[in-house]
Amino acid sequence: MTVKVGLIGCGGISVPHADGYLKIPDEAQVTAVCDVVEENRTRMADYVGGARPFDSIEGMLSQSDIDAVDVCLPHHLHKDAIVAAARAGKHVLCEKPLCLTLEEASEIDSVVREGGVTLMCAHNQLFYPAVQQAKELLDSGTLGQIYQARTVDTFFNRGVGANAGWRASRAMVGGGELIDTGYHPTYLLLHLASSAPTEVVAMLTRHALAIEGEDSGQVLVRFADGMVGNIVTSWAYPRPAGWWQFMVVGEHGQMYRQGDALHLELRDAEPQVFDHPGVQTFHLEIADYVRCIREGRRPLNTQEEGTKVLEVILAAYKSDEEKRIVSIGEAAA
Ligand SMILES: NC(=O)c1ccc[n+]([C@@H]2O[C@H](COP(=O)([O-])OP(=O)(O)OC[C@H]3O[C@@H](n4cnc5c(N)ncnc54)[C@H](O)[C@@H]3O)[C@@H](O)[C@H]2O)c1
């Protein structure tokens, strides 16, 4: 079965998504594209080899022959697009964040379950081999009790400024940098952790960018097993030296990612470096989405994990606003 996909939102991130489908032509084909901007939908329709262009999601869902959608829209439009697609019986891949509020997340969960469709959160950084190896090592107890995990995603973002459209709008983005790029180190932290988050405290700042929300965030997360997570995320800081994306410290030593390699430093043992060739995580993510549909398999992160990430992000916003530690669960109140 070739999975027929409708791509919704034909802006920046839709290109690596489209490339992912083009890499597996025997398994998937983008047969419809949708964007309110004619130039964007026409360009993408040509790029994928002649998909049918639509100017509305409803039109695409009712008039095209598709099994699944891929939502690459600004954040405030995610929930309605997911709900419409799931009600129409289509599987859904949605770019991060899942949506903007826990009420929206709850509606998504109900509609996806009722529709019997698969929803996959596009958490592409989980497809890095270094992340996958770290998860296996942590799950097998290599570091023993975990004390701390730090996840980092920082880069100087020249593309976001006063005229940057929806990304500069607190209402459309759902906050600022934390719910955008900061979603990556948040899902990564929850993925590496072996228990659930319980408390969050955050300091959010706007140093350099002309946007309504924060351009940088530092968030501490306490977990049920005693681990403390530390998220550093920013559009104002450069990439950290040596570019590492996570570090986990435990009873027996530490592990961290540097470039594409995973470093393992156990106490009283020679350090080990596991080199992993560079991968295109978007292509791996798209192939996994298509194979989850074809094989009826649960994606690594569905709306369940997406909602847990959102809970931490919303607790961080509440913490920064109210200048206090927020318990998970409070953010819904
Ligand atoms: N995983 C990553 O590393 C990564 C990187 C960039 C963006 N993203 C995510 O991808 C999503 C899109 O971001 P982007 O950078 O591609 O944004 P973008 O602004 O480049 O593209 C959004 C597209 O949606 C279209 N659009 C707006 N309203 C629409 C509507 N009602 N119906 C149909 N089309 C509509 C716009 O015309 C535009 O073409 C966001 O969720 C963002 O967080 C993820």
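Quick caveat, the model's predicted, so the values are computed rather than measured.

Chemist: Would you mind going over the overall build of the protein chain with me for this structure?
Modeler: The number of helices and strands found in the protein chain is 10 helices and 15 strands. Since a compact globule built from 333 residues should have a radius of gyration of about 20 Å, the 20 Å found for the protein chain is in line with a globular shape. In terms of its C-alpha atoms, the protein chain occupies a principal-axis envelope of roughly 60 × 40 × 40 Å. Summarising the internal contacts of the protein chain: among those between residues at least 6 apart in sequence, 69% fall at separations of at least 24.

Chemist: Whenever I open this one, the site of the ligand confuses me. Can you help?
Modeler: Taken together, 22 residues lie around the ligand, and Gly 9, Gly 11, Gly 12, Ile 13 and Glu 95 are the ones closest in. Tallied by class, residues from the shell around the ligand come to 11 nonpolar, seven polar and four charged.

Chemist: How should the pairing of strand β1 (residues 3–8) be read in this particular structure?
Modeler: For a regular strand, side-chain orientation follows a simple rule: the groups alternate between the two sheet faces. Across the six residues that make up β1, a large majority, five, are buried. By the bridge criterion, six bridges tie β1 to strand β2 (residues 28–34) in an arrangement that is parallel. Bridging from a neighbouring strand, Ile 8 pairs with Cys 34 of β2. Regarding topology, helix α1 (residues 14–22) serves as the crossover connection from β1 to the parallel β2, and that connection is right-handed.

Chemist: When you look at the sheet that holds strand β13 (residues 261–266) in this model, what are you seeing that I'm missing?
Modeler: Within a beta sheet, neighbouring strands are joined by backbone hydrogen bonds and run either parallel or antiparallel to one another. The strand order across the open sheet built from nine strands is β14-β13-β12-β11-β7-β10-β9-β8-β15, with neighbouring strands paired in mixed fashion. Where the open sheet ends on each side, the last strands, each with one partner, are β14 (272–274) and β15 (326–327). In this structure, strand β7 (residues 146–154) lies alongside strand β11 (residues 246–250), joined through five bridges in antiparallel fashion. By the bridge assignment for β11, Thr 151 is matched with Phe 246. Of the strands in this sheet, β7, β11, β12 (253–258), β13 and β14 are in contact with helix α6 (residues 129–139), which crosses β13 at around 30 degrees. Strands in contact with helix α10 (residues 303–322) are β8 (197–205), β9 (216–223) and β15; relative to β8, the strand with the most contacts, it is inclined by about 55 degrees.

Chemist: Is there a simple way to explain helix α2 (residues 38–47) in this structure?
Modeler: Because the α-helix completes a turn every 3.6 residues, residues three or four places apart line up on one side. Listed in full, the buried residues belonging to α2 are Arg 41, Met 44 and Ala 45. Looking straight down α2, one finds that the buried residues subtend no more than 105 degrees of arc, so they occupy a single side. Among the exposed residues of α2, those pointing more than 90 degrees away from its buried face are Glu 39 and Asp 46. Each element contacted by the buried residues of α2 is listed here: β1, α1, β2 and β3 (52–54).

Chemist: Can you help me understand the sheet that holds β1 in this one?
Modeler: If you trace the six strands from one edge of the open sheet to the other, you get β3-β2-β1-β4-β5-β6, paired in parallel fashion. Lying at the two open borders of the sheet, with one neighbouring strand each, are β3 and β6 (119–122). Averaged over all pairs of adjacent strands, the angle between strand axes in this sheet comes to 25 degrees, irrespective of strand direction. Helix-sheet contacts for α2 involve β1, β2 and β3, and the interaxial angle to β2 is about 165 degrees. Contacting β1, β4 (68–71), β5 (91–95) and β6, helix α4 (residues 78–87) runs over the sheet at an angle of about 170 degrees to β5.

Chemist: What is the right way to look at the environment of Ala 134 in this model?
Modeler: Relative to the helices and strands, Ala 134 resides in helix α6. Judged by the 27 C-beta atoms lying within 10 Å of it, Ala 134 falls in the buried class. When the C-alpha atoms of Ala 134 and Leu 192 are compared, they prove to be 7.7 Å apart, with 58 residues separating the residues in sequence. Not counting chain neighbours up to four residues away, the residues in contact with Ala 134 comprise Leu 192, Val 248, Met 255 and Leu 262.

Chemist: What am I meant to see in the nonpolar core here?
Modeler: What tends to happen in soluble globular proteins is that the nonpolar side chains get buried as a cluster. Val 33, Val 71, Val 92 and Ile 313 are the most contacted members of the largest nonpolar core, which totals 90 residues. It is α10 that provides the largest number of residues to this core, a total of eight residues. Mapped onto the domain boundaries, this core takes at least three residues apiece from domain 1 (3–122 + 283–300) and domain 2 (125–279 + 310–332). If sequence neighbours within four positions are ignored, Val 92 has contacts with Val 69, Val 71, Ile 82, Ala 85, Ala 86, Val 117 and Leu 119.

Chemist: I would appreciate a short explanation of the domain arrangement of the protein chain in the present structure.
Modeler: Put simply, an interface is often sized by how much accessible area is lost when its parts join up. For the protein chain, the assigned domains are domain 1 (3–122 + 283–300) and domain 2 (125–279 + 310–332). Relative placement of domain 1 and domain 2: their C-alpha centres are 26 Å apart. Listing elements by their share of the side of domain 1 that touches domain 2, those giving two or more residues are α5 (102–115) and α9 (281–295). Along the lines of polarity and charge, the residues of the side of domain 1 that touches domain 2 split into eight nonpolar, two polar and two charged.

Chemist: Whenever I open this one, the environment of Thr 142 confuses me. Can you help?
Modeler: One can find Thr 142 in the loop between α6 and β7. Separated by 124 residues in the primary sequence, Thr 142 and Leu 266 have C-alpha atoms spaced 8.5 Å apart. Discounting chain neighbours no more than four positions away, the residues touching Thr 142 are Leu 137 and His 252.

Chemist: It is not clear to me how the packing of α1 against α9 should be interpreted in this structure. Could you clarify?
Modeler: Packed helices, taken two at a time, are described by their axes: the angle between them and the distance between them. Look at α1 against α9: their axes get within 8 Å of each other, and the N-to-C directions meet at 55 degrees. In this view, α1 runs oblique relative to α9, as classed from their interaxial angle. Considering how the two elements wind past one another, α1 and α9 form a crossing that is right-handed. Seen from α1, the contacting residues are Pro 16, His 17, Asp 19, Gly 20 and Tyr 21; seen from α9, they are Phe 282, His 283, Glu 285, Ile 286 and Ala 287.

Thresholds applied
- Residues numbered from 1 in each chain as written.
- Predicted model: local features only at pLDDT ≥ 70, side-chain atom pairs only at ≥ 80, totals over all residues.
- Helix = DSSP H or I, 4+ residues; strand = E, 2+ residues; numbered from the N terminus.
- Rg over C-alpha atoms; globule rule 2.2 N^0.38 Å.
- Contact = placed C-beta atoms within 7 Å.
- Near = placed C-beta within 6 Å.
- Nonpolar A, V, L, I, M, F, W, Y, C, P; charged D, E, K, R; others polar.
- Buried ≥ 20, exposed ≤ 12 C-beta atoms within 10 Å, placed from the backbone.
- Pairing = 2+ DSSP bridges.
- Right-handed = clockwise from strand over helix to strand, strands pointing away.
- Axes fitted to C-alpha atoms, helices over the stretch in contact; angles between N-to-C directions.
- Arc of directions from axis to C-beta.
- Core = buried A, V, L, I, M, F, W, Y, C linked by C-beta atoms within 7 Å.
- Domains from an automatic or database assignment.
- Parallel < 35°, antiparallel > 145°, perpendicular 65-115°, else oblique.
- Left-handed = near helix turned anticlockwise from the far one by under 90°.

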